[in-house]
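# Structural overview
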Amino acid sequence: MAITVNLRYTGKKGAAQAFAREMISSGTVEKIRAEKGNLRYEYYLPFEESSGCETILLIDSWENQEAIDKHHATPMMKTIAELREKYDLHMTIERFVSDDNIPEQDKSFIRS
C-alpha cells in the first residue's frame, strides 16, 4: 500500500520554481530519493496558471506510513522548512493510498 502526497507550493515572482531548483541543486532531492521507502519525489509545473501566484506540484510517494514518519524525522525536514520560509511559500496537500485493483471497465482507457 503506497502512500502518495501531492503538495502544491505557491508563491510570487518565481519563488516556487526557485525553491524547487534549490532543492535539486543543494542535493536535498537526491537525498530524499535515496531514503529507504521513497518511491517518487518529482516536481511539475502546471500548463495553466489561473491565480496570480505561481504554483509547482510535488509528487511525493512512499512505500508506507512508517517510511514517511522516518523521512519526517530526518534533518532534511529542517532544510525544507527553511527553504519554504526563504521563498515565502504556502502549501496545499492531498494524500492518496494506492489501489492496484483497476476495474475492468477502466482498463480499456489505459494505454500501456
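For the structure given in this document, a descriptive report is provided here. Along each chain, the written sequence defines residue order, and numbers are assigned to residues from 1. Selection of residues for local features in this predicted model requires a pLDDT of at least 70, selection of side-chain atom pairs for listing and counting requires 80 or more, and totals for whole chains, interfaces and linings are taken over all residues. Water and hydrogen atoms were dropped before computing side-chain values, which therefore reflect all heavy atoms in the structure.

Soluble globular proteins tend to bury their nonpolar side chains together. Buried Ala, Val, Leu, Ile, Met, Phe, Trp, Tyr and Cys residues that are joined via side-chain atoms within 4.5 Å together make up what is termed a nonpolar core. We call a residue buried when its accessible area falls under 20% of the maximum for its residue type, exposed when it is over 50%, and partly exposed in between, using a 1.4 Å probe and counting protein chains only. By size, the foremost hydrophobic cluster in this structure holds 24 residues, and its most contacted members are Tyr9, Phe19, Met23, Tyr41, Tyr43 and Ile80. By definition, any uninterrupted DSSP run of H or I lasting at least four residues is a helix, any uninterrupted run of E lasting at least two residues is a strand, and each is numbered from the N terminus. Looking at this core, the elements that each hand over two or more residues are strand S1 (3-11), helix H1 (15-25), helix H2 (28-34), strand S2 (38-44), strand S3 (54-62), helix H3 (65-72) and helix H4 (76-86). Looking at this core, the element that brings in the most residues is H1, giving five residues. The contacts of Tyr43, once residues within four sequence positions are left out, are Tyr9, Phe19, Ala20, Met23, Ile24, Val29, Ile56, Leu57 and Leu58. We call two residues in contact whenever any of their non-hydrogen atoms come within 4.5 Å of each other.

Like-charged residues are merged into a patch within 9 Å and nonpolar side chains (Val, Leu, Ile, Met, Phe, Trp, Tyr) within 5 Å, provided each residue has over 30% relative accessible area and no salt bridge. Only the protein chains shown count as cover for residues, and the accessible areas themselves come from Shrake-Rupley with a 1.4 Å probe. Here a salt bridge means any side-chain nitrogen of Lys or Arg lying within 4 Å of a carboxyl oxygen belonging to Asp or Glu. There is a patch of nonpolar side chains on the surface, built from Ile102, Phe109 and Ile110 and spanning about 340 Å² of accessible area. With respect to the helices and strands, the residue Ile102 is situated in the loop between strand S4 (90-97) and helix H5 (104-107).

On to the sheet that holds S3, then. The strand order across the open sheet built from four strands is S2-S3-S1-S4, with neighbouring strands paired in antiparallel fashion. The sheet is open, and its two edges are formed by S2 and S4, each paired on a single side. Strand-to-strand twist of the sheet, defined as the mean angle between neighbouring strand axes without regard to direction, takes the value 15°. In this analysis, strands are considered paired if DSSP registers two or more bridges between them. Bridge count for S1 against S4 is eight bridges, and the pairing is antiparallel. The residue of S4 that forms the bridge with Tyr9 is Met91. Along the sheet, H1 contacts S1, S2 and S3; its crossing angle with S3, the most-contacted strand, is approximately 40°. Orientation is described by axes fitted as lines to C-alpha atoms, over the contacting stretch for helices, and by angles from 0 to 180 degrees between their N-to-C directions.

This part covers the pattern of salt bridges. Within the structure shown, the criterion is met by seven salt bridges. The partner of Glu82 in a salt bridge is Lys78, and the shortest N-O contact between them spans 3.1 Å. Taken together, the positions of Glu82 and Lys78, both in helix H4 and four residues apart, correspond to about one turn of that helix. Classification of Lys78 as exposed rests on a relative accessible area of 58%.

Its place among the elements puts Leu57 in strand S3. Looking at Leu57, the relative accessible area reads 18%, which means it is buried. Between the C-alpha atoms of Leu57 and Leu7, which are 50 residues apart in sequence, the distance is 5.7 Å. Residues in contact with Leu57, not counting those within four places in the same chain, are Asn6, Leu7, Arg8, Glu42, Tyr43 and Tyr44.

Residues Ala15, Ala16, Phe19, Ala20 and Met23 constitute the buried set of H1. Buried positions in H1, seen along its axis, are confined to an arc of 140° and lie on one side of it. Facing away from the buried side of H1 by more than 90 degrees, the exposed set consists of Arg21, Ile24 and Ser25. As for H1, its buried residues are in contact with S1, H2, S2, S3 and H4. Directly after H1, the chain includes Gly27, whose backbone phi takes a positive value near 90°. It is the directions from the helix axis to the C-beta atoms whose arc is reported.

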